[in-house]
Amino acid sequence: MDRPMSSSSKRNNRPTNATTDHELPSSPWMWVMNAGLLLIVAGTALPLFNVDSSAFRYIYTAGALIALIGRIFSPRYKGSIFRVRRLHHISFWSCVIFCVGAFFMWYGGRGTTDWLAFTLAGGILQIYASVMIPRTIEKEAARKDSGKKK
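### Some remarks on a nonpolar patch on the surface
Right, on to step 1. Taken together, the side chains of Trp-29, Leu-65, Ile-69, Ile-72 and Phe-73 present a nonpolar region at the surface, about 470 Å² in accessible area.
Right, on to step 2. In this fold, Leu-65 is placed in helix α4 (residues 55-73).
Right, on to step 3. Judged by its relative accessible area of 46%, Leu-65 falls in the partly exposed class.

### Observations concerning a positive patch on the surface
Right, on to step 1. Residues Arg-83, Arg-86, Arg-135 and Lys-139 make up a contiguous surface patch of positive charge.
Right, on to step 2. Of all elements in the fold, only α5 (82-106) and α6 (114-149) reach the threshold of two or more residues within the positive patch.
Right, on to step 3. Here Arg-83 is to be found in helix α5.

### What about the state of the cysteines?
Right, on to step 1. For the coordinates displayed, the defined rule picks out zero disulfides.
Right, on to step 2. Considering cysteine sulfurs only, Cys-99 is the nearest to Cys-95, which forms no disulfide, with 7.3 Å between them.
Right, on to step 3. Overall, Cys-95 belongs to the buried group, its relative accessible area being 0%.

### What to know about helix α3 (residues 28-48)
Right, on to step 1. Compared with an ideal rise of 1.5 Å per residue, which puts 21 residues at 30 Å, α3 spans 31 Å between its outermost C-alpha atoms and is within 8% of the ideal.
Right, on to step 2. Of all the residues in α3, the buried ones are Met-33, Gly-36, Leu-37, Ile-40, Gly-43 and Thr-44. An end-on view of α3 places all buried positions within 120° of arc, on one side of the element. The exposed set on the far side of α3, more than 90 degrees from its buried face, consists of Pro-28, Trp-31, Leu-38 and Val-41.
Right, on to step 3. Sitting at the head of α3, Ser-27 places a side-chain oxygen 3.1 Å from the backbone nitrogen of Trp-29.

### Some words on α4
Right, on to step 1. Between its terminal C-alpha atoms α4 stretches 27 Å, which fits the 27 Å expected from 19 residues at 1.5 Å a residue.
Right, on to step 2. Within α4, the full set of buried residues consists of Phe-56, Tyr-60, Thr-61, Gly-63, Ala-64, Ala-67, Leu-68, Gly-70 and Arg-71.

### Concerning the nonpolar core
Right, on to step 1. Core analysis: the biggest nonpolar cluster contains 14 residues, and Leu-37, Ile-40, Tyr-60, Ala-64, Ala-67 and Phe-98 have the highest contact counts within it.
Right, on to step 2. When contributions to this core are tallied by element, the ones reaching two or more residues are α3, α4 and α5.
Right, on to step 3. In contact with Tyr-60, not counting residues within four places along its chain, are Leu-39, Ile-40, Gly-43, Thr-44, Phe-98, Gly-101, Ala-102, Met-105, Trp-115 and Thr-119.

### What about the confidence of the model for the protein?
Right, on to step 1. For the protein, the mean per-residue pLDDT works out to 83, and 81% of the residues sit at or above 70.
Right, on to step 2. When mean pLDDT is compared element by element in the protein, α4 scores highest at 95, while helix α1 (residues 7-12) scores lowest at 46.
Right, on to step 3. Across residues 1-19, where pLDDT falls below 50, the model places 13 contacts with residues more than four positions away in sequence or in other chains.

Criteria and cut-off values
In this convention, every chain numbers its residues from 1, walking through the sequence in written order. Under the rules for a predicted model, residues below a pLDDT of 70 receive no local features and side-chain atom pairs below 80 are neither given nor counted, while totals for whole chains, interfaces and linings still include all residues. The basis for the side-chain values is all heavy atoms of the structure; hydrogens and waters are excluded. To count toward a patch, a residue needs a relative accessible area above 30% and no salt bridge. Like charges then connect within 9 Å, nonpolar side chains (Val, Leu, Ile, Met, Phe, Trp, Tyr) within 5 Å. Areas reported as accessible are Shrake-Rupley estimates using a 1.4 Å probe. Residue values count occlusion only from the protein chains shown. Counted as salt bridges are all cases of a side-chain nitrogen of Lys or Arg within 4 Å of a carboxyl oxygen of Asp or Glu. Secondary structure elements are defined from DSSP: runs of H or I of at least 4 residues count as helices, runs of E of at least 2 residues count as strands, and each element is numbered from the N terminus. Each residue's exposure class comes from its accessible area (1.4 Å probe, protein chains only) as a fraction of the maximum for that residue type: buried when under 20%, exposed when over 50%, partly exposed otherwise. Working convention for charge: Lys and Arg count positive, Asp and Glu count negative, and His plus the chain ends are omitted. Here the site of a charge means NZ on Lys, CZ on Arg, CG on Asp, or CD on Glu. The criterion for a disulfide is a pair of cysteine sulfur atoms lying within 2.5 Å. A helix is expected to reach a length of 1.5 Å times the quantity of its residues less one. By definition, the arc is the one covered by directions from the helix axis to the C-beta atoms. Polar contacts, as used here, are pairs of N or O atoms within 3.5 Å; protein pairs need one atom able to donate a hydrogen and one able to accept it. Residues neighboring in sequence count only if both atoms are side-chain atoms. Side-chain atoms within 4.5 Å are what join buried Ala, Val, Leu, Ile, Met, Phe, Trp, Tyr and Cys residues into a set we call a nonpolar core. What makes two residues a contact is simply this: any of their non-hydrogen atoms within 4.5 Å. One confidence number per residue, pLDDT, is output by the predictor and ranges from 0 to 100.

Set out below in structure tokens:
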């Protein structure tokens, strides 16, 4: 069965489908990314609890790289909601910021707390994206449902 294509889907060569707009991608790579984020939390918490070990550097760096690899290989959002697509890009860049924080953890330059600033920036972006993606999808679903009822 062929579905009629709207003008926006003709440009993207994708049929407009309401179910793909309101589904979040699920994949084993999302679990990998979440494991990396948990390692980042563990690597950040160790120096805050005055654990005298350099193991936190390895844990944080491994978590940042695992989160970035998980985000790179996770499936892309295939819906037509531009804002959700943008939020997924923000989530990717938060993983890149975590990797920059891992670099500053090893770099013995001016400040030893630069990694913490990058961790906070990446964490804020990750929290924003993870809160706003489901909220935006629900809002668009409600908007489309109210448009159909009229």
